[in-house]
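# Results of the structural survey
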Amino acid sequence: MTRSLSIIVILLITSCNSRVKHSGINDLVVGVQQIVLYENERFYLELSLGGTEGSYTIREDTVTFKYDQKPSTTWPDKLIMTQDYFLSVDSQISIKRDK
């Protein structure tokens, strides 16, 4: 159920005017972790049962977020992009990259 809901959300998001530049998803038992980075330098980040949007910048392998409304102080301000994962700099979050 959560996987199909995640796919629907991704399809709805990507059907807008913005195209996806990078994305990743982890399907959890309750909720999902996903990140969608758009070409227009906007992002959508979902951790467990809630999501938020904002703008981002990429410098080398580091993605820095500026949230429209940050849900809590535990949400990451930066992620490191590797070949397989988005890794959080300041917490234990890792999101598997889509290929």
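Thresholds applied
- Residues numbered from 1 in each chain as written.
- Predicted model: local features only at pLDDT ≥ 70, side-chain atom pairs only at ≥ 80, totals over all residues.
- Heavy atoms only, no water.
- Salt bridge = Lys/Arg side-chain N within 4 Å of Asp/Glu carboxyl O.
- Helix = DSSP H or I, 4+ residues; strand = E, 2+ residues; numbered from the N terminus.
- Patch = residues over 30% accessible without salt bridge, like charges linked within 9 Å, V, L, I, M, F, W, Y side chains within 5 Å.
- Areas by Shrake-Rupley, 256 points an atom, 1.4 Å probe, with all protein chains shown as cover.
- Phe/Tyr/Trp six-rings, centres within 6.5 Å; stacked < 30°, edge-to-face > 60°.
- Buried < 20%, exposed > 50% of the residue type's maximum accessible area, 1.4 Å probe, protein only.
- Pairing = 2+ DSSP bridges.

## Digging into the pattern of salt bridges
When charged atoms on two side chains of opposite charge get close, those side chains can pair. Tallied over the entire structure, the rule returns three salt bridges. Residue Arg19 is joined to Glu39 by a salt bridge in which the shortest nitrogen-to-oxygen separation is 3.5 Å. Linking Arg19 in the loop between α1 (2-14) and β1 (20-27) with Glu39 in the loop between β2 (32-38) and β3 (42-48), this pair joins segments that are 20 residues apart in sequence. Residue Asp77 pairs with Lys70 through a salt bridge whose shortest N-O separation is 2.6 Å.

## Observations regarding a nonpolar patch on the surface
On the surface, a nonpolar cluster with roughly 380 Å² of combined accessible area is contributed by Val29, Val30 and Leu49. Within the fold, Val29 resides in the loop between β1 and β2.

## What about the packing of aromatic side chains?
According to the stated counting rule, one finds four aromatic pairs in the structure shown. Ring geometry for Phe65 versus Tyr67: centroids 6.0 Å apart, planes at 45°, classification tilted. Across the pair, Tyr67 and Phe65 agree in class, each one buried. Their ring planes at 80° and their centres at 6.5 Å tell us that Tyr67 and Trp75 sit as a pair that is edge-to-face.

## Quick look at the pairing of strand β6 (residues 78-81)
Burial along β6 is one-sided: the residues Leu79 and Met81 are buried and none of Lys78 and Ile80 is. As paired strands, strand β5 (residues 62-67) and β6 are joined by three bridges and run antiparallel to one another. Counted as the bridge partner of Val63 is Leu79 from β6. When β6 meets strand β7 (residues 85-88), the two strands line up antiparallel, connected through three bridges.

Just geometry here; none of it tells us what the structure is for.
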